[in-house]
Amino acid sequence: MVEPRNFQEAFKSPEREKWMNAAETEMQSLRQHNTWKLVEPPPGKRIIGNRMVFKVKLDENGLVERYKARLVAQGFSQVFGEEYNQVFAPVVRWESVRALINMATQFNMQIHQMDVNVAFLNGILKEDIYMKQPDGFVEKGKENLVCKLERSIYGLKQSPRCWNEILDEHLQSMGFQKSAADECIYTGKMNGDLVLLAVYVDDIIVALRKSKLSIRLKKSLPNVFQLRTWDHYIISLVFVLFKINMVFGLVKTSMLEKS
Amino acid sequence: MRNLNELLKIFDKMVYQSAIGSLLYIANATRPDLSQAVNRMASYCNEPTSVHWQMMKRILRYLKGTINLGIMYQRDINPELIAYSDSDYVGDIDTRQSTSGYVSLKNGAPIAWKSKKQEIAAQSTAEAEYVALFYATQDVAWIRNLLKELREKDQRATIIFEDNQASIKIS
(Lines give C-alpha, C1' and ligand atoms only; values in the text may rest on other atoms or scores of the structure.)
Protein backbone atom coordinates (compact mmCIF):
# COMPACT_ATOMS: atom_id res chain seq x y z
CA MET A 1 0.00 0.00 0.00
CA VAL A 2 1.34 3.44 -0.90
CA GLU A 3 1.09 6.31 1.51
CA PRO A 4 0.42 9.57 -0.32
CA ARG A 5 3.06 12.23 0.19
CA ASN A 6 0.70 15.17 0.19
CA PHE A 7 -2.92 16.18 -0.18
CA GLN A 8 -2.91 16.06 -3.99
CA GLU A 9 -1.60 12.51 -4.03
CA ALA A 10 -4.14 11.43 -1.46
CA PHE A 11 -6.86 13.00 -3.56
CA LYS A 12 -5.82 10.98 -6.60
CA SER A 13 -5.11 7.78 -4.66
CA PRO A 14 -7.34 4.72 -5.06
CA GLU A 15 -7.96 4.95 -1.31
CA ARG A 16 -9.05 8.50 -1.71
CA GLU A 17 -12.11 8.16 0.50
CA LYS A 18 -10.21 6.79 3.48
CA TRP A 19 -7.50 9.42 3.23
CA MET A 20 -10.01 12.23 2.84
CA ASN A 21 -11.85 11.04 5.94
CA ALA A 22 -8.60 11.00 7.85
CA ALA A 23 -7.74 14.50 6.67
CA GLU A 24 -11.20 15.74 7.61
CA THR A 25 -10.82 14.24 11.12
CA GLU A 26 -7.51 16.05 11.50
CA MET A 27 -9.07 19.32 10.35
CA GLN A 28 -11.85 18.85 12.88
CA SER A 29 -9.33 18.53 15.73
CA LEU A 30 -7.55 21.62 14.50
CA ARG A 31 -10.80 23.58 14.42
CA GLN A 32 -11.87 22.26 17.82
CA HIS A 33 -8.68 23.54 19.39
CA ASN A 34 -8.92 26.93 17.65
CA THR A 35 -5.47 26.27 16.33
CA TRP A 36 -5.42 29.42 14.18
CA LYS A 37 -7.38 32.39 12.99
CA LEU A 38 -7.38 33.67 9.43
CA VAL A 39 -5.78 37.06 8.94
CA GLU A 40 -4.47 39.28 6.15
CA PRO A 41 -0.87 38.29 5.43
CA PRO A 42 1.19 40.78 7.48
CA PRO A 43 3.78 42.60 5.35
CA GLY A 44 7.36 41.50 5.87
CA LYS A 45 6.45 38.43 7.92
CA ARG A 46 7.58 34.96 6.97
CA ILE A 47 4.75 32.64 6.01
CA ILE A 48 5.49 29.04 6.90
CA GLY A 49 4.37 26.18 4.68
CA ASN A 50 2.69 23.00 5.76
CA ARG A 51 2.04 19.50 4.60
CA MET A 52 -0.53 16.84 5.29
CA VAL A 53 1.26 13.65 6.33
CA PHE A 54 -0.61 10.43 5.64
CA LYS A 55 0.16 7.23 7.50
CA VAL A 56 -1.33 3.78 7.72
CA LYS A 57 -1.32 2.78 11.37
CA LEU A 58 -0.67 -0.88 12.06
CA ASP A 59 -1.63 -2.70 15.24
CA GLU A 60 0.62 -4.98 17.25
CA ASN A 61 -0.05 -7.85 14.84
CA GLY A 62 0.93 -5.80 11.83
CA LEU A 63 -2.63 -5.44 10.55
CA VAL A 64 -4.10 -2.19 9.29
CA GLU A 65 -5.65 -0.39 12.22
CA ARG A 66 -6.52 2.98 10.77
CA TYR A 67 -5.72 5.63 8.21
CA LYS A 68 -4.23 8.69 9.80
CA ALA A 69 -3.60 12.20 8.58
CA ARG A 70 -1.65 14.86 10.40
CA LEU A 71 -1.14 18.46 9.37
CA VAL A 72 2.42 19.50 10.08
CA ALA A 73 3.98 22.94 9.81
CA GLN A 74 7.29 23.09 7.97
CA GLY A 75 9.28 24.06 11.02
CA PHE A 76 12.54 24.01 9.10
CA SER A 77 11.81 27.49 7.77
CA GLN A 78 11.47 28.94 11.26
CA VAL A 79 14.18 31.40 12.22
CA PHE A 80 15.66 31.45 15.72
CA GLY A 81 14.73 34.57 17.66
CA GLU A 82 11.82 35.35 15.35
CA GLU A 83 9.59 32.32 15.09
CA TYR A 84 11.08 30.33 17.94
CA ASN A 85 13.23 30.68 21.00
CA GLN A 86 13.60 27.85 23.48
CA VAL A 87 12.87 24.34 22.25
CA PHE A 88 13.96 21.92 24.96
CA ALA A 89 11.35 19.54 26.29
CA PRO A 90 12.03 16.73 28.74
CA VAL A 91 11.15 13.06 28.27
CA VAL A 92 11.15 10.46 30.98
CA ARG A 93 14.25 8.34 31.52
CA TRP A 94 14.08 4.56 31.19
CA GLU A 95 15.42 4.22 34.72
CA SER A 96 12.56 6.32 36.02
CA VAL A 97 9.93 4.24 34.23
CA ARG A 98 11.39 1.09 35.72
CA ALA A 99 11.67 2.66 39.17
CA LEU A 100 8.01 3.68 38.94
CA ILE A 101 6.89 0.19 37.92
CA ASN A 102 9.08 -1.23 40.65
CA MET A 103 7.48 0.93 43.32
CA ALA A 104 4.04 0.18 41.89
CA THR A 105 4.80 -3.51 42.39
CA GLN A 106 5.99 -2.90 45.92
CA PHE A 107 2.88 -0.90 46.83
CA ASN A 108 0.60 -3.33 45.01
CA MET A 109 -0.70 -0.64 42.66
CA GLN A 110 -2.38 -0.88 39.29
CA ILE A 111 -0.70 0.51 36.20
CA HIS A 112 -2.60 2.28 33.46
CA GLN A 113 -1.48 3.91 30.30
CA MET A 114 -3.00 6.98 28.76
CA ASP A 115 -2.43 8.79 25.53
CA VAL A 116 -3.39 12.39 24.87
CA ASN A 117 -5.12 12.89 21.56
CA VAL A 118 -3.60 15.64 19.36
CA ALA A 119 -1.55 16.61 22.42
CA PHE A 120 0.43 19.42 20.82
CA LEU A 121 -2.69 21.38 19.92
CA ASN A 122 -3.12 22.04 23.63
CA GLY A 123 0.15 23.97 23.75
CA ILE A 124 -0.08 27.74 23.53
CA LEU A 125 2.32 29.54 21.21
CA LYS A 126 4.13 32.60 22.50
CA GLU A 127 5.70 33.61 19.19
CA ASP A 128 3.90 35.19 16.24
CA ILE A 129 3.84 32.59 13.50
CA TYR A 130 1.96 32.74 10.22
CA MET A 131 1.23 29.70 8.09
CA LYS A 132 -0.33 29.10 4.68
CA GLN A 133 -3.80 27.64 4.63
CA PRO A 134 -3.57 23.86 4.22
CA ASP A 135 -3.97 22.43 0.71
CA GLY A 136 -7.48 21.25 0.07
CA PHE A 137 -8.87 23.19 3.00
CA VAL A 138 -8.49 26.77 1.80
CA GLU A 139 -11.61 28.63 2.87
CA LYS A 140 -13.80 29.87 0.02
CA GLY A 141 -13.66 33.61 -0.49
CA LYS A 142 -10.72 33.90 1.91
CA GLU A 143 -8.06 32.52 -0.42
CA ASN A 144 -5.71 35.43 0.21
CA LEU A 145 -5.72 35.06 3.99
CA VAL A 146 -3.13 33.18 6.06
CA CYS A 147 -3.31 31.32 9.37
CA LYS A 148 -2.09 33.16 12.44
CA LEU A 149 -1.17 30.25 14.70
CA GLU A 150 -2.45 30.24 18.25
CA ARG A 151 -1.56 26.69 19.21
CA SER A 152 1.68 24.77 18.91
CA ILE A 153 0.86 22.77 15.82
CA TYR A 154 2.86 19.61 14.97
CA GLY A 155 6.11 20.36 13.17
CA LEU A 156 7.01 23.63 14.85
CA LYS A 157 10.29 23.61 16.69
CA GLN A 158 8.86 24.75 20.00
CA SER A 159 5.78 22.52 19.98
CA PRO A 160 7.00 19.75 22.31
CA ARG A 161 8.08 22.39 24.80
CA CYS A 162 4.76 24.28 24.63
CA TRP A 163 2.84 21.06 25.19
CA ASN A 164 5.02 20.04 28.11
CA GLU A 165 4.55 23.45 29.73
CA ILE A 166 0.77 23.12 29.55
CA LEU A 167 0.72 19.55 30.83
CA ASP A 168 3.10 20.45 33.65
CA GLU A 169 0.97 23.44 34.64
CA HIS A 170 -2.11 21.26 34.65
CA LEU A 171 -0.61 18.41 36.66
CA GLN A 172 0.81 20.81 39.22
CA SER A 173 -2.55 22.56 39.56
CA MET A 174 -4.04 19.14 40.28
CA GLY A 175 -1.65 18.92 43.21
CA PHE A 176 0.98 16.69 41.64
CA GLN A 177 4.57 17.31 42.56
CA LYS A 178 7.27 17.30 39.91
CA SER A 179 10.23 15.12 40.81
CA ALA A 180 13.59 16.82 41.26
CA ALA A 181 15.40 13.75 39.95
CA ASP A 182 13.37 13.42 36.75
CA GLU A 183 11.25 16.24 35.39
CA CYS A 184 8.84 13.77 33.86
CA ILE A 185 7.93 11.97 37.05
CA TYR A 186 5.08 13.34 39.11
CA THR A 187 3.76 12.16 42.44
CA GLY A 188 0.67 13.11 44.34
CA LYS A 189 -2.40 11.98 46.16
CA MET A 190 -6.01 11.58 45.14
CA ASN A 191 -8.54 10.83 47.86
CA GLY A 192 -5.56 10.37 50.15
CA ASP A 193 -4.20 7.59 47.98
CA LEU A 194 -0.82 7.68 46.31
CA VAL A 195 -0.64 8.27 42.54
CA LEU A 196 2.57 8.06 40.51
CA LEU A 197 2.89 9.46 36.97
CA ALA A 198 5.49 9.21 34.22
CA VAL A 199 5.20 11.45 31.16
CA TYR A 200 6.63 10.62 27.75
CA VAL A 201 5.46 13.56 25.61
CA ASP A 202 1.84 12.51 25.09
CA ASP A 203 2.03 9.07 26.64
CA ILE A 204 1.39 8.93 30.34
CA ILE A 205 1.89 5.98 32.67
CA VAL A 206 -0.19 6.09 35.81
CA ALA A 207 0.23 3.94 38.89
CA LEU A 208 -2.50 4.02 41.50
CA ARG A 209 -3.86 1.88 44.25
CA LYS A 210 -7.55 1.74 43.45
CA SER A 211 -9.10 1.43 40.06
CA LYS A 212 -11.83 3.90 41.02
CA LEU A 213 -9.16 6.54 41.24
CA SER A 214 -8.22 5.98 37.64
CA ILE A 215 -11.74 6.85 36.59
CA ARG A 216 -11.50 10.01 38.65
CA LEU A 217 -8.14 10.86 37.19
CA LYS A 218 -9.44 10.33 33.69
CA LYS A 219 -12.44 12.49 34.48
CA SER A 220 -10.34 15.32 35.83
CA LEU A 221 -8.19 15.45 32.72
CA PRO A 222 -10.37 15.08 29.60
CA ASN A 223 -12.02 18.47 29.96
CA VAL A 224 -8.72 19.93 29.06
CA PHE A 225 -7.07 17.12 27.14
CA GLN A 226 -8.82 14.47 25.15
CA LEU A 227 -7.47 11.25 26.55
CA ARG A 228 -7.53 7.80 25.19
CA THR A 229 -6.88 5.15 27.78
CA TRP A 230 -5.97 1.54 27.59
CA ASP A 231 -7.04 -0.81 30.26
CA HIS A 232 -4.89 -3.58 28.99
CA TYR A 233 -1.35 -2.88 29.83
CA ILE A 234 0.45 -1.73 26.75
CA ILE A 235 3.08 0.92 26.94
CA SER A 236 3.94 2.46 23.59
CA LEU A 237 3.54 -0.95 21.97
CA VAL A 238 6.95 -1.80 23.30
CA PHE A 239 6.18 -3.33 26.58
CA VAL A 240 3.39 -5.57 27.46
CA LEU A 241 2.84 -5.26 31.14
CA PHE A 242 1.19 -8.22 32.60
CA LYS A 243 -0.20 -8.51 36.05
CA ILE A 244 -0.33 -11.88 37.72
CA ASN A 245 -0.81 -11.98 41.46
CA MET A 246 0.85 -8.74 42.35
CA VAL A 247 3.66 -9.28 39.91
CA PHE A 248 4.43 -6.77 37.22
CA GLY A 249 6.54 -7.80 34.31
CA LEU A 250 8.18 -6.07 31.42
CA VAL A 251 8.72 -8.05 28.28
CA LYS A 252 9.81 -6.79 24.92
CA THR A 253 7.47 -7.74 22.17
CA SER A 254 6.52 -6.06 18.92
CA MET A 255 9.81 -4.22 18.40
CA LEU A 256 11.83 -7.39 18.60
CA GLU A 257 9.67 -9.48 16.41
CA LYS A 258 9.69 -6.81 13.74
CA SER A 259 13.45 -6.49 13.64
CA MET B 1 29.09 10.07 -10.06
CA ARG B 2 30.14 7.74 -7.32
CA ASN B 3 31.21 4.26 -8.32
CA LEU B 4 29.15 1.28 -7.28
CA ASN B 5 31.58 0.03 -4.65
CA GLU B 6 31.55 3.33 -2.87
CA LEU B 7 27.77 3.39 -2.82
CA LEU B 8 27.61 -0.17 -1.50
CA LYS B 9 29.98 0.76 1.29
CA ILE B 10 27.85 3.72 2.29
CA PHE B 11 24.77 1.56 2.22
CA ASP B 12 26.49 -1.11 4.31
CA LYS B 13 27.44 1.47 6.90
CA MET B 14 23.90 2.79 7.03
CA VAL B 15 22.47 -0.66 7.68
CA TYR B 16 25.07 -1.29 10.39
CA GLN B 17 24.30 1.99 12.12
CA SER B 18 20.59 1.43 11.95
CA ALA B 19 21.00 -2.06 13.43
CA ILE B 20 23.06 -0.54 16.25
CA GLY B 21 20.29 2.00 16.81
CA SER B 22 17.71 -0.75 17.22
CA LEU B 23 19.97 -2.79 19.47
CA LEU B 24 20.75 0.21 21.68
CA TYR B 25 17.07 0.79 22.14
CA ILE B 26 16.51 -2.79 23.19
CA ALA B 27 19.57 -2.84 25.45
CA ASN B 28 18.53 0.37 27.19
CA ALA B 29 14.92 -0.66 27.57
CA THR B 30 14.78 -4.19 28.95
CA ARG B 31 17.99 -6.05 28.21
CA PRO B 32 20.92 -5.31 30.50
CA ASP B 33 22.52 -8.53 29.24
CA LEU B 34 23.03 -6.87 25.85
CA SER B 35 24.34 -3.62 27.20
CA GLN B 36 28.06 -4.36 27.11
CA ALA B 37 28.09 -6.06 23.73
CA VAL B 38 26.01 -3.41 22.02
CA ASN B 39 27.99 -0.61 23.59
CA ARG B 40 31.17 -2.17 22.25
CA MET B 41 29.72 -2.68 18.78
CA ALA B 42 28.54 0.90 18.66
CA SER B 43 32.11 2.13 18.73
CA TYR B 44 32.68 0.58 15.30
CA CYS B 45 29.81 2.51 13.72
CA ASN B 46 32.02 4.69 11.61
CA GLU B 47 33.99 1.97 9.82
CA PRO B 48 32.26 -1.41 10.16
CA THR B 49 34.06 -4.33 8.51
CA SER B 50 33.15 -7.96 7.96
CA VAL B 51 34.52 -8.82 11.42
CA HIS B 52 32.04 -6.44 13.00
CA TRP B 53 29.23 -7.84 10.93
CA GLN B 54 30.10 -11.29 12.22
CA MET B 55 29.89 -9.99 15.79
CA MET B 56 26.66 -8.18 15.02
CA LYS B 57 25.09 -11.34 13.65
CA ARG B 58 26.12 -13.20 16.75
CA ILE B 59 24.27 -10.68 18.92
CA LEU B 60 21.21 -10.97 16.69
CA ARG B 61 21.26 -14.76 16.95
CA TYR B 62 21.55 -14.52 20.72
CA LEU B 63 18.59 -12.16 20.73
CA LYS B 64 16.54 -14.49 18.61
CA GLY B 65 17.18 -17.35 21.00
CA THR B 66 16.34 -15.29 24.07
CA ILE B 67 13.50 -13.25 22.63
CA ASN B 68 11.20 -13.88 25.55
CA LEU B 69 13.51 -12.64 28.27
CA GLY B 70 12.23 -9.66 30.19
CA ILE B 71 12.26 -7.89 33.49
CA MET B 72 9.95 -9.06 36.21
CA TYR B 73 9.55 -7.23 39.48
CA GLN B 74 8.14 -9.26 42.34
CA ARG B 75 6.74 -7.94 45.54
CA ASP B 76 8.53 -8.91 48.74
CA ILE B 77 11.59 -10.24 46.94
CA ASN B 78 14.61 -8.23 48.02
CA PRO B 79 12.89 -4.84 48.19
CA GLU B 80 16.20 -3.24 49.15
CA LEU B 81 18.19 -1.56 46.35
CA ILE B 82 21.55 -3.21 45.67
CA ALA B 83 24.11 -2.77 42.93
CA TYR B 84 26.96 -4.68 41.33
CA SER B 85 29.93 -2.93 39.78
CA ASP B 86 32.67 -4.40 37.61
CA SER B 87 35.32 -3.40 35.11
CA ASP B 88 37.70 -4.90 32.62
CA TYR B 89 41.28 -3.71 32.38
CA VAL B 90 42.59 -2.17 29.14
CA GLY B 91 39.67 -3.50 27.11
CA ASP B 92 40.63 -1.10 24.35
CA ILE B 93 44.26 -1.85 23.53
CA ASP B 94 44.57 1.18 21.24
CA THR B 95 43.77 3.80 23.86
CA ARG B 96 44.34 1.59 26.94
CA GLN B 97 40.94 2.62 28.30
CA SER B 98 38.98 0.19 30.45
CA THR B 99 35.26 -0.48 30.15
CA SER B 100 33.15 -0.71 33.25
CA GLY B 101 29.55 -1.27 34.10
CA TYR B 102 27.05 -1.70 36.84
CA VAL B 103 23.58 -3.01 37.40
CA SER B 104 21.26 -2.09 40.25
CA LEU B 105 18.44 -4.35 41.37
CA LYS B 106 15.32 -3.97 43.46
CA ASN B 107 12.39 -6.28 44.00
CA GLY B 108 14.15 -9.06 42.19
CA ALA B 109 14.99 -7.35 38.91
CA PRO B 110 17.21 -4.64 37.46
CA ILE B 111 16.19 -0.98 37.57
CA ALA B 112 19.27 0.65 36.08
CA TRP B 113 22.39 -0.47 34.27
CA LYS B 114 25.17 0.99 32.22
CA SER B 115 28.22 -0.09 30.27
CA LYS B 116 30.69 2.66 29.62
CA LYS B 117 34.22 3.07 28.39
CA GLN B 118 36.09 4.95 31.09
CA GLU B 119 37.38 8.41 30.30
CA ILE B 120 40.77 7.84 31.83
CA ALA B 121 43.36 5.17 31.08
CA ALA B 122 43.58 3.37 34.41
CA GLN B 123 47.06 2.30 35.47
CA SER B 124 45.98 -0.79 37.41
CA THR B 125 43.01 -3.11 37.84
CA ALA B 126 42.42 -1.48 41.20
CA GLU B 127 42.16 1.94 39.59
CA ALA B 128 39.87 0.68 36.83
CA GLU B 129 37.58 -0.99 39.36
CA TYR B 130 37.62 2.08 41.58
CA VAL B 131 36.52 4.24 38.65
CA ALA B 132 33.78 1.68 37.94
CA LEU B 133 32.63 2.05 41.53
CA PHE B 134 32.54 5.80 41.06
CA TYR B 135 30.23 5.53 38.01
CA ALA B 136 28.00 3.11 39.89
CA THR B 137 27.86 5.30 42.97
CA GLN B 138 26.93 8.36 40.94
CA ASP B 139 23.90 6.65 39.41
CA VAL B 140 22.89 4.85 42.59
CA ALA B 141 22.81 8.18 44.42
CA TRP B 142 20.43 9.51 41.76
CA ILE B 143 18.20 6.43 41.86
CA ARG B 144 17.99 6.67 45.65
CA ASN B 145 16.76 10.25 45.35
CA LEU B 146 14.19 9.20 42.77
CA LEU B 147 12.99 6.25 44.88
CA LYS B 148 12.62 8.56 47.85
CA GLU B 149 10.39 10.81 45.77
CA LEU B 150 8.41 7.75 44.70
CA ARG B 151 7.68 7.25 48.40
CA GLU B 152 10.21 4.54 49.22
CA LYS B 153 10.33 4.45 53.00
CA ASP B 154 13.35 3.96 55.26
CA GLN B 155 15.99 3.39 52.63
CA ARG B 156 18.99 1.73 54.13
CA ALA B 157 22.50 2.29 52.79
CA THR B 158 22.75 0.71 49.33
CA ILE B 159 25.34 -2.03 49.08
CA ILE B 160 27.44 -1.93 45.94
CA PHE B 161 29.12 -5.29 45.39
CA GLU B 162 32.69 -5.17 44.17
CA ASP B 163 35.16 -8.01 43.64
CA ASN B 164 38.45 -6.18 43.54
CA GLN B 165 40.03 -6.31 47.00
CA ALA B 166 42.40 -3.42 46.39
CA SER B 167 39.65 -1.05 45.30
CA ILE B 168 37.49 -2.10 48.25
CA LYS B 169 40.37 -1.15 50.55
CA ILE B 170 40.79 2.19 48.77
CA SER B 171 37.14 3.15 49.09
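Sequence order as written defines residue numbering, which begins from 1 separately in each chain. Here the convention is simple: chains get letters from A, ligands get numbers from 1, in the order in which they are written. Local features in this predicted model are restricted to residues of pLDDT 70 or higher, and side-chain atom pairs are both shown and tallied only at a pLDDT of 80 or more, whereas totals for entire chains, interfaces and linings draw on every residue.

**A look at the overall build of chain A**
Strands here mean DSSP runs of E at least two residues long; helices mean DSSP runs of H or I at least four residues long; both are numbered from the N terminus. Along the backbone of chain A there are six helices and 15 strands. Counting only contacts in chain A whose residues sit at least 6 apart along the sequence, the fraction spanning at least 24 positions is 66%. We call two residues in contact whenever the C-beta atoms placed from their backbones are within 7 Å.

**With respect to the overall build of chain B**
Helix and strand counts for chain B stand at five helices and five strands. In sequence order, chain B lays out its α and β elements as α-α-α-β-β-β-β-α-β-α. Principal-axis analysis of the C-alpha atoms gives chain B an extent of 65 × 40 × 25 Å. A buried classification covers 36% of the 171 residues belonging to chain B. Any residue with 12 or fewer other C-beta atoms within 10 Å of its own C-beta is exposed, any with 20 or more is buried, and the rest are partly exposed; the C-beta atoms used are placed from the backbone.

**Focus on the domain arrangement of chain B**
Residue and element names in this part refer to chain B. An automatic or database domain assignment is the source of the domain bounds shown. The domain architecture assigned to chain B consists of domain 1 (4–65) and domain 2 (82–170). Computed over C-alpha atoms only, the centres of domain 1 and domain 2 are separated by 25 Å. Of the residues lining the interface, four residues belong to domain 1; the matching set on domain 2 comes to five residues.

**A word on the interface of chain B and chain A**
The interface of chain B with chain A comprises 27 residues on the first partner and 31 residues on the second. Examining the composition of the side of chain B that touches chain A, we find that six residues originate from one element, helix α4 (residues 125–149) of chain B, more than from any other. Amino acids are sorted into nonpolar (Ala, Val, Leu, Ile, Met, Phe, Trp, Tyr, Cys and Pro), charged (Asp, Glu, Lys and Arg) and polar (every other residue, Gly among them). Of the residues in the side of chain B that touches chain A, the class split is 14 nonpolar, eight polar and five charged.

**Regarding unusual backbone geometry**
One non-glycine residue, Val201(A), lies in positive phi territory at about 55°. Position of Val201(A) among the secondary structure elements: in the loop between β10 (193–200) and β11 (203–208). Backbone geometry places Val90(B), a non-glycine residue, at a positive phi of 50°. You can see Val90(B) is positioned in the loop between β2 (82–87) and β3 (99–106).

**Looking at the nonpolar core**
Think of a nonpolar core as buried Ala, Val, Leu, Ile, Met, Phe, Trp, Tyr and Cys residues, each tied to the set through C-beta atoms within 7 Å. Among the nonpolar cores identified, the biggest contains 76 residues, and Leu100(A), Leu197(A) and Ala198(A) are the most heavily contacted of them. Per-element accounting of this core gives the leading share, 10 residues, to α4(B). If we skip the residues at most four places from it in the chain, Ala198(A) touches Val92(A), Ser96(A), Val97(A), Leu100(A), Cys184(A), Ile185(A) and Ile205(A). Residues Tyr16(B), Ala19(B), Ile20(B) and Met56(B) belong to the second largest nonpolar core, which totals nine residues.

**Remarks on the sheet that holds β3(B)**
A pair of strands is treated as paired once DSSP finds two or more bridges between them. Pairing in this open sheet of four strands is mixed, and the strands run β4-β3-β2-β5 (chain B) from one edge to the other. A single partner strand is all that each edge strand has here, and the edge strands are β4 (109–117) and β5 (159–161) of chain B. Adjacent strand axes in the sheet meet at a mean angle of 15°, parallel and antiparallel pairs treated alike. Of the strand pairs in this sheet, β2(B) and β5(B) are connected by three bridges, and their pairing is parallel. Bridged to Ala83(B) within β5(B) is Ile160(B). Fitted lines through C-alpha atoms give the axes, limited to the stretch in contact for helices. The angle between two N-to-C directions lies from 0 to 180 degrees. Helix α3 (residues 94–106) of chain A contacts β3 and β4 of chain B of the sheet and is inclined by roughly 160° relative to β4(B).

**Re the pairing of β2(B)**
One ladder, built from six bridges, connects β2(B) with β3(B); its direction is antiparallel. Paired with Ser87(B) across the bridge in β3(B) is Ser100(B).

**Some words on the confidence of the model for chain B**
Taken residue by residue, chain B gives an average pLDDT of 93. The fraction at 70 or more is 99%. Here the complex is predicted with pTM 0.86, and the ipTM for its interfaces comes to 0.93. Here pLDDT means the predictor's own confidence in every residue, given as a number from 0 to 100.

**Here's the deal with the packing of helix α2 (residues 32–42) of chain B against helix α3 (residues 50–65) of chain B**
All names here are of chain B. Relative to each other, α2 and α3 sit at 155°, their axes nearing to 11 Å. In terms of orientation, α2 and α3 fall into the roughly antiparallel class. For the crossing formed where α2 meets α3, the hand is left-handed. Touching Leu-34, Ala-37, Val-38 and Met-41 of α2 are His-52, Met-55, Met-56 and Ile-59, all from α3. Of the residues in the contact of α2 with α3, the class split is seven nonpolar, one polar and no charged. Here the word oblique covers every angle except those under 35 degrees (roughly parallel), over 145 (roughly antiparallel) and from 65 to 115 (roughly perpendicular). Each crossing is labelled by how the near helix is turned from the far one, with a counterclockwise turn of less than a right angle marking it left-handed and a clockwise turn marking it right-handed.

**Comments concerning the sheet that holds strand β6 (residues 130–131) of chain A**
Residues and elements named next belong to chain A. Spatial strand order, β1-β7-β6-β2: four strands in an open sheet with mixed pairing. Because the sheet does not close on itself, it has two edges, and the strands there are β1 (36–39) and β2 (47–48). By the bridge criterion, two bridges tie β2 to β6 in an arrangement that is parallel. Its bridge partner being in β6, Ile-48 is matched across the sheet by Met-131.

**Topic: the environment of Ser35(B)**
On the secondary structure map, Ser35(B) appears in helix α2. When neighbours within four sequence positions are excluded, Ser35(B) is seen to be in contact with Ala27(B), Gly101(B), Trp113(B) and Ser115(B).

**Points about the environment of Lys189(A)**
All names here are of chain A. Residue position: Lys-189 is located in strand β9 (residues 185–190). On a C-alpha basis, the gap between Lys-189 and Ser-152 in space is 30 Å, while along the polypeptide they are 37 residues apart. In contact with Lys-189, not counting residues within four places along its chain, are Leu-194 and Val-195.

**Focus on the confidence of the model for chain A**
Summary statistics for chain A give a mean pLDDT of 83 and a share of 80% for residues scoring 70 or more. Taken as a whole, residues 231–259 of chain A scores under 50 in pLDDT and shows 56 contacts with residues more than four places along the chain or in a different chain.

**Some remarks on the packing of helix α1 (residues 4–29) of chain B against α2(B)**
Residues and elements named next belong to chain B. At a minimum axis separation of 9 Å, α1 and α2 run at an interaxial angle of 155°. The angle between α1 and α2 falls in the class roughly antiparallel. Where α1 crosses over α2, the two elements pack in a sense that is left-handed. Facing α1, whose interface residues are Ile-20, Leu-23, Leu-24, Ile-26 and Ala-27, α2 presents Leu-34, Ser-35, Val-38, Met-41 and Ala-42. Residues belonging to the contact of α1 with α2 are distributed by class as follows: nine nonpolar, one polar and no charged.

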